[in-house]
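Spelled out from the first residue to the last, the chains are:
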Amino acid sequence: MPDCARCSLFQLESENEGCLHLNRPGGLELTNTALASCKLPASASVLDAACGAGATLQSLRDQGYGAIGIDLSMEMLRKCALLTTTQAHCNQVPLPSLSQDAVLMECALSLSNEMVSALTEFYRLLRPGGWLVVTDIYIRELHDPQAMDCLTGSSCLSGAKTEVEIRSKIEGAGFSIRNWQDQTLVFKQWLARMVFKLGSLDAFYRQLSACETGSQALANTLGNKIKLGYYWLSAQKTG
Amino acid sequence: MDQTRLRELEDQCIQECAPPCAAHCPVHVDVRALTSAIATGDFQTAFKTLYKTVPFPEIIARTCNQPCQAACYRKSVGGDIQVAALELACIQRYDHLITKPMLLPQKDARVLIIGGGLSGLTAAFELVKKGYQVALYERENRLGGRLWSYNEDQLHGEVIHREIERIIDLGIEVHFNTELTPASVSSLQFDACYLGTGAGASNPFNLLTNPNHSLQVNTDTFQTSQANVFAGGSLLRPPSTIFSVSDGRRAAISIDRFLQNVSLTASRVNEGAYNTRLITNISKVDSVEIVPPAPTGYSVADAIAEANRCLQCDCMECVKVCEYLKHYGSYPRKYVREIYNNLSIIMRTRTSNKMINSCTLCGLCEEVCPTDLNMGVVNNEVRQTMVKTGKMPPSAHDFALRDMAFSNDARVALNLTADGSETCDYLFFPGCQLSASNPEYIPKLYQSLASVLPKLGVMLRCCGAPADWSGEQELFAQTMLEFKTQWLALGKPKLVLACTSCLRMFSTALPEIETLSAWQVFEAHTLFPASRQYSRSLAIHDPCTSRYVDKWQDAVRTGLDAMGITHHELEMSRDLTECCGYGGVAWLAHPELVQDILKRRASEDEADYLTYCVMCRDLLAGQGKPTLHLLDLIFGENLDQLARRKGPDYSQRHENRLRAKEKMIKLITGKEHPMTESYERYTLLLTPEMRVTLEERLILVEDVQKVIEFAETSGESFKNQQTGHTLAFFKPNLITYWVEFSREGDAWRVHNAYSHRMELEGRAS
Amino acid sequence: MSDSSLDSLKSQWTCGKCGAPLEVASVNVSYLGSGYPVDMLVCKNCKRPLVPAELALGKMLEVEKLMEDK
Ligand code: SF4
Ligand code: SF4
Ligand code: SF4
């Protein structure tokens, strides 16, 4: 689960242009499209796992859902003062089993190094037929599997996976994926904004990467060997 | 371009097919990998390669009848590779490396093996590895069957014992001195049985037989008339140790499938010995004689020498001759897959547009490919699909397409008959690049042709090749339609061409039009000037679009002879000729690759080159290779200098097309036709460095002039307080051009010029 | 544009049409249907934007390539 305060992008950005987890590619609009695909009942209970500063949470509330948010960072949660939140890790959520109609995980699933245990926890929380909604970065093209090592050095991309891996992990946890939509264009627009903000993609990679040599390697990797994309998916708890 | 078509294309490339040795070996020992390891002295890896497929390596190496040699490509160039002796050389050094294989968890099913010969032992080995309970019944008091009939020098009993024991030790239950009869078999518990009893043995299951008393056995699955009984080995065929191993293994696969209750027949291609589709070209291979092993086996040096004779058979014919295919480090089978992924939406792996756009579409690959796979056709089709589905990046071919639009603009194009009449019998179509490179040759060539062809008209425009090469089908069709309309109006004249790319376009899109080359006219009417001289023999570089166009190729050679020019052939000439890099607009997608293509071509012969395409000439000369165009020999002075001249830059090429038009109008109508646009009043002062900058940034002089004209007439610009320079922009179409300039007398000095495609939309809200 | 380079451009260039000084403004630049606000210099009166070579051949080119790369 991401700790935004420790992410180098977070330090870089001001509040209105937050880091990847705060100001996500596609924003609320994308979240709402993904949620709409689940046709949740009015006043459904929705858990926002990794709610950050609460923008989505607020919108869920405004739409009439029973929305609860969790995040690891107290700093973040303080910004959600008027919302129902609690500090928790997403593989140990202090909520009863079978209590949620939907769990939302935005830009955080692959960042969690415990993806499988988080999915198991969501499975526990959801009612039968309940929905898991995910938006995230993924590896759209992988030309050289060894290049994956390079991502580990960066704070935000270390857990990025391919579509096949993501699908198999989610289905392996007992969900059936109902929708998968590539949103790479939205991600590129987001990157383009970063280029204008920071001067170049290279500068962006430097921010992502812990050290100078790391940034070189990362820039090369992302230029030639790995192409990142962005998606949303909705999956239903089966069985 | 759909999935089925791509599958077919993929299959057309034989590069991944097995070499004949591995295909003819019934257990498919990877002989190529084995020899490749030995060739580097790595006997250990070689041994592992062998042991992977052969559980009794030494027995096999000492007894194999080597079906692998049957089709060895070395056979006719020195003699087939001594595979068994090389195998033995590895075993003698490394058989201590054999480790116990991994066994799968025990299953309940029990398999009976009748007969302890090689085929039965192999079946037992394979099944015990899969976790089955295996019980083996042998009539004699020892295992090995026919193996004991070899003399001791060839196969010592000690070897037989050692290699068989290793397998029995995996947990096979063995019953010696037991010949099974229908009665004794019926009392045994088993789920499946393998019968490997050799020829003439008893038939304990009363299985159906053929009229000659041999068992009825399915040759693909080894199943007998009783569903759970399988049979193989020398009861089916003349004895061969390697075929016995193969039968045992294949029957074991069937038994496993039978017991798992899955199809016995599904996807069992290329089991056992088969004929491979792989073809290896040995026309350039020198003969090297067999290195025979000593009676005790190969010494290290001799084994390495023999292994080095292996040709490491593969195809790669196209990759050997094409710089593009070589550049991406693989071969068409892989490329086709990659291209498919690139198009596929499901897989979300749209790779490398650049790769698709870097092929010159020259078709040499098809000429050399044993199965006639043409990657140029594939790449062109894929470009079309990309354009149609909106996946082609908009800037990919934009520059070339705008160049074409320029040539076909009413201001630049020309359509004129000799005497002002409406129609003509012949139409001279020199092509836009000849006008761009050498406008001075256009009227000269016209005059020569007109002296022998009655009613000769002229048409200056672009044939549409850039659209075709870019995958812009609609644009190409429209360009052809425009041409055809004019051609019909001119009374369907015969086309006289001077460029093979124009020929290619017309003959594919409008085959009803009769064409001939200017060189054929020169040939037929002996118009080539006599006794021209060049200091050295010229090597002929045929343009890639002249491939298969013998008439043009012949006329050029006749012409050279007629002019008294000594010439010779390049190794890759005529149908085997290489593209200069201009084809397929590859120069736009991948300029560095085109440099490599040119270097390769230029270095193939010491001689200066002669060609009959201006783009070939300009590109080769630009690379430092002295190259003449056929027209240089016909009309030019000072040939040494002409061979070394650089071609004009992009701006000059536009200018030249206008000049060619002026000259033709003057020649035919006698009228001056100065063609100036208002922006041409702005004379530019450009340093050589600035010219290079413009060329690199794909900015034309006319683009710069348009910006200056706009700034000077509208006043919309910025002023630099320190330098006094003016900065202004203008956006004629998609691209916004910026120029920083200052006035110097009657002219304008350009200090900087750049462009962008992003659009300025005014203030953000 | 970094602030310092905007400052130095601002001190050098004025509008050629009306003579007014330039000011920093957010201008929308777009490509293939996606728009981005970018701070650059515009004429105080006419609002015509000035794209320096550094921006055209740097960030803008990079974004063009990014958006074109399918
Ligand atoms: S030359 Fe080598 S690779 Fe080719 S068939 Fe013979 S053994 Fe096999
Ligand atoms: S020539 Fe090239 S395309 Fe044809 S089979 Fe050989 S490797 Fe494949
Ligand atoms: S068409 Fe020409 S450039 Fe393209 S792959 Fe074939 S040989 Fe190479």
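Residues numbered from 1 in each chain as written. Chains lettered and ligands numbered in written order. Predicted model: local features only at pLDDT ≥ 70, side-chain atom pairs only at ≥ 80, totals over all residues. Heavy atoms only, no water.

Participant: Residues and numbers for the overall build of chain A, please.
Facilitator: Counting its secondary structure elements, chain A contains ten helices and seven strands. Counting only residues that meet the buried cut, chain A has 57% of its 239 residues in that class. Of all intrachain contacts in chain A linking residues separated by at least 6 positions in sequence, the fraction that spans at least 24 positions is 72%. Approximately 9,700 Å² of chain A is accessible, and the part contributed by carbon and sulfur atoms is 50%. (Helix = DSSP H or I, 4+ residues; strand = E, 2+ residues; numbered from the N terminus. Buried < 20%, exposed > 50% of the residue type's maximum accessible area, 1.4 Å probe, protein only. Contact = heavy atoms within 4.5 Å. Areas by Shrake-Rupley, 256 points an atom, 1.4 Å probe, with all protein chains shown as cover.)

Participant: So what's going on with the interface of chain C and chain B? Which residues, and what values?
Facilitator: Chain C puts 34 residues into the contact, and the matching count from chain B is 35 residues. Here chain C packs against chain B, burying approximately 3,100 Å² in sum over the two surfaces, 58% of which is carbon and sulfur. Taken together, the connections running from chain C to chain B amount to one salt bridge. A salt bridge links Arg48 of chain C to Glu716 of chain B; the shortest N-O distance between them is 3.5 Å. Applying the counting rule to chain C against chain B returns 14 residue pairs in polar contact (both at pLDDT 80 or more). Of all the secondary structure elements, the ones that give two or more residues to the side of chain C that touches chain B are helix H1 (3–12), strand S1 (13–15), strand S2 (22–31), strand S3 (34–43), strand S4 (49–50) and helix H2 (53–68) of chain C. With nine residues, the top contributor of residues to the side of chain C that touches chain B is S2 of chain C. Considering only residue class, the side of chain C that touches chain B consists of 20 nonpolar, seven polar and seven charged. As defined by bridge partners, strand S16 (residues 718–720) of chain B adjoins S1 of chain C across three bridges and the pair is classed as antiparallel. Considered in S1 of chain C, the bridge of Lys719 of chain B is made with Thr14 of chain C. (Buried area = accessible area lost by both parts, 1.4 Å probe. Salt bridge = Lys/Arg side-chain N within 4 Å of Asp/Glu carboxyl O. Polar contact = N/O pair within 3.5 Å; in protein donor to acceptor, adjacent residues only side chain to side chain. Nonpolar A, V, L, I, M, F, W, Y, C, P; charged D, E, K, R; others polar. Pairing = 2+ DSSP bridges.)

Participant: Tell me about the site of ligand 3, residues and numbers included.
Facilitator: The full set of residues close to ligand 3 is Cys322, Tyr324, Leu325, Cys359, Thr360, Leu361, Cys362, Gly363, Leu364, Cys365, Met375 and Gly376 of chain B. Class assignment of the residues belonging to the shell around ligand 3 gives a composition of nine nonpolar, three polar and no charged. (Near = heavy atom within 4 Å.)

Participant: Give me the lowdown on the side chain of Ser651 of chain B, citing residues and values where you can.
Facilitator: Along the polypeptide, Ser651 of chain B turns up in helix H31 (residues 650–669). Each residue touching Ser651 of chain B, except ones within four places of it in the same chain, is listed here: Ile699, Leu700 and Val701 of chain B.

Participant: Any details on the interface of chain C and chain A? Residues and values, ideally.
Facilitator: It is common to give the size of an interface as the accessible area that goes away when the parts come together. Contact residues are listed per partner, giving 13 residues for chain C and 15 residues for chain A. In this assembly, chain C packs against chain A so that about 1,200 Å² is buried in total across both faces, 69% of it on carbon and sulfur atoms. Contact with chain A buries area across many residues of chain C, yet Lys59, Glu62 and Leu66 of chain C alone supply 42% of it, more than any other trio. Where chain C touches chain A, the interface holds three residue pairs in polar contact (both at pLDDT 80 or more). For the side of chain C that touches chain A, the elements supplying multiple residues, two or more each, are S3 and H2 of chain C. Top contributing element to the side of chain C that touches chain A by residue count: H2 of chain C, with seven residues. For the side of chain C that touches chain A, the residue count by class is eight nonpolar, one polar and four charged.

Participant: Summarise the layout of surface pockets; cite the residues concerned and give the values.
Facilitator: Residues and elements named next belong to chain B. Of the volumes computed, that of the second largest pocket is approximately 590 Å³. If you trace the second largest pocket, you find 38 residues lining it, with Gly117, Gly145, Arg146, Thr197 and Gly198 closest to the centre. Mapped onto the lining of the second largest pocket, the elements with two or more residues apiece are helix H7 (118–129) and helix H10 (241–260). Among the elements that make up the lining of the second largest pocket, the one with the highest residue count is H7 (three residues). Each residue belonging to the lining of the second largest pocket can be placed in one class, and the counts come to twelve nonpolar, 20 polar and six charged. (1 Å grid on protein atoms, 1.4 Å probe; cavity = no way out; pocket = protein on both sides within 12 Å on 5 of 7 lines; lining within 4 Å. Points joined across faces, edges and corners; volume = space filled by probe spheres on them.)

Participant: Can you explain the sheet that holds strand S19 (residues 747–756) of chain B? Please cite residues and give values.
Facilitator: Strand order in the open sheet formed by six strands is S15(B)-S19(B)-S18(B)-S17(B)-S16(B)-S1(C), with mixed pairing between adjacent strands. At either end of the open sheet lies a strand with only one pairing partner, and these are strand S15 (684–685) of chain B together with S1 of chain C. Note: S15 of chain B against S19 of chain B, two bridges, orientation parallel. Bridge pairing in S19 of chain B places Leu684 of chain B opposite Trp748 of chain B. The strands touched by helix H33 (residues 701–714) of chain B are S15, strand S17 (726–730), strand S18 (736–744) and S19 of chain B; relative to S18 of chain B, the strand with the most contacts, the crossing angle is about 70 degrees. (Axes fitted to C-alpha atoms, helices over the stretch in contact; angles between N-to-C directions.)

Participant: Would you mind going over the sheet that holds strand S1 (residues 110–114) of chain B in detail, with residue names and values included?
Facilitator: Residues and elements named next belong to chain B. Strand order in the open sheet made by the five strands is S3-S2-S1-S4-S5, with parallel pairing throughout. Of all strands in the sheet, those with a lone pairing partner are strand S3 (173–175) and strand S5 (229–231), marking the two edges. Between one strand axis and the next, the sheet turns by 20 degrees as a mean value, whatever way the strands run. Pairing of S1 with strand S4 (residues 192–195), which is carried by four bridges, proceeds in the parallel orientation. Among the inter-strand pairings, Ile113 is bridged to a residue of S4, identified as Tyr194. Here H10 sits on the sheet and contacts S1, S4 and S5; the angle it forms with S4, its principal contact strand, is near 165 degrees.

Participant: Talk me through the site of ligand 2; I want residue IDs and the actual numbers.
Facilitator: What surrounds ligand 2 is the set Cys13, Ile14, Gln15, Cys315, Met316, Glu317, Cys318, Pro332, Cys369, Pro370 and Leu373 of chain B. Split by residue class, the shell around ligand 2 holds nine nonpolar, one polar and one charged.

Participant: So what about the state of the cysteines? Which residues, and what values?
Facilitator: Residues and elements named next belong to chain C. Per the counting criterion, the structure on display carries zero disulfides over all chains. Cysteine Cys15 is unpaired, with the sulfur of Cys46 as its nearest cysteine sulfur at 3.6 Å. What makes Cys15 buried here is its relative accessible area of 3%. (Disulfide = S-S within 2.5 Å.)

Participant: Give me the lowdown on the pairing of strand S1 (residues 45–49) of chain A, citing residues and values where you can.
Facilitator: Residue and element names in this part refer to chain A. Among the five residues of S1, five are classified as buried, and the element is accordingly described as predominantly covered. Of the pairings in the sheet, the one linking S1 to strand S2 (residues 66–71) comprises five bridges and is parallel in character. If you follow Ala49 over to S2, its bridge partner there is Ile70. A crossover connection joins S1 to the parallel S2 through helix H3 (residues 55–62); in handedness this β-α-β unit is right-handed. Pairing analysis gives four bridges linking S1 to strand S4 (residues 100–106), with the strands arranged parallel. Counterpart to Leu47 in the pairing with S4 is Val103. (Right-handed = clockwise from strand over helix to strand, strands pointing away.)

Participant: Could you give an account of the packing of aromatic side chains, naming the residues involved and the relevant values?
Facilitator: Within the structure shown, the criterion is met by 25 aromatic pairs over all chains. With centroids separated by 5.8 Å and ring planes inclined at 80 degrees, the aromatic side chains of Trp469 of chain B and Tyr582 of chain B adopt a geometry described as edge-to-face. Here Trp469 of chain B is found in helix H21 (residues 465–469), whereas its partner Tyr582 of chain B is found in the loop between strand S12 (567–569) and helix H26 (586–589), with 113 residues between them in sequence. Relative to Trp587 of chain B, the ring of Tyr582 of chain B has its centre 5.9 Å away and its plane inclined at 10 degrees; by these criteria the two rings are stacked. Taking relative accessible area as the criterion, Tyr582 of chain B reaches 13% and is therefore assigned buried. Look at Trp587 of chain B and you get buried, because its relative accessible area is 17%. Among the aromatic residues, those joined into a ring-pair cluster are Phe399, Trp469, Tyr582, Trp587 and Tyr650 of chain B. The ring of Tyr123 of chain A has Lys237 of chain A lying over it, and the distance from NZ or CZ to the ring centre is 4.4 Å. (Phe/Tyr/Trp six-rings, centres within 6.5 Å; stacked < 30°, edge-to-face > 60°. Lys NZ or Arg CZ within 6 Å of the ring centre and 35° of its normal.)

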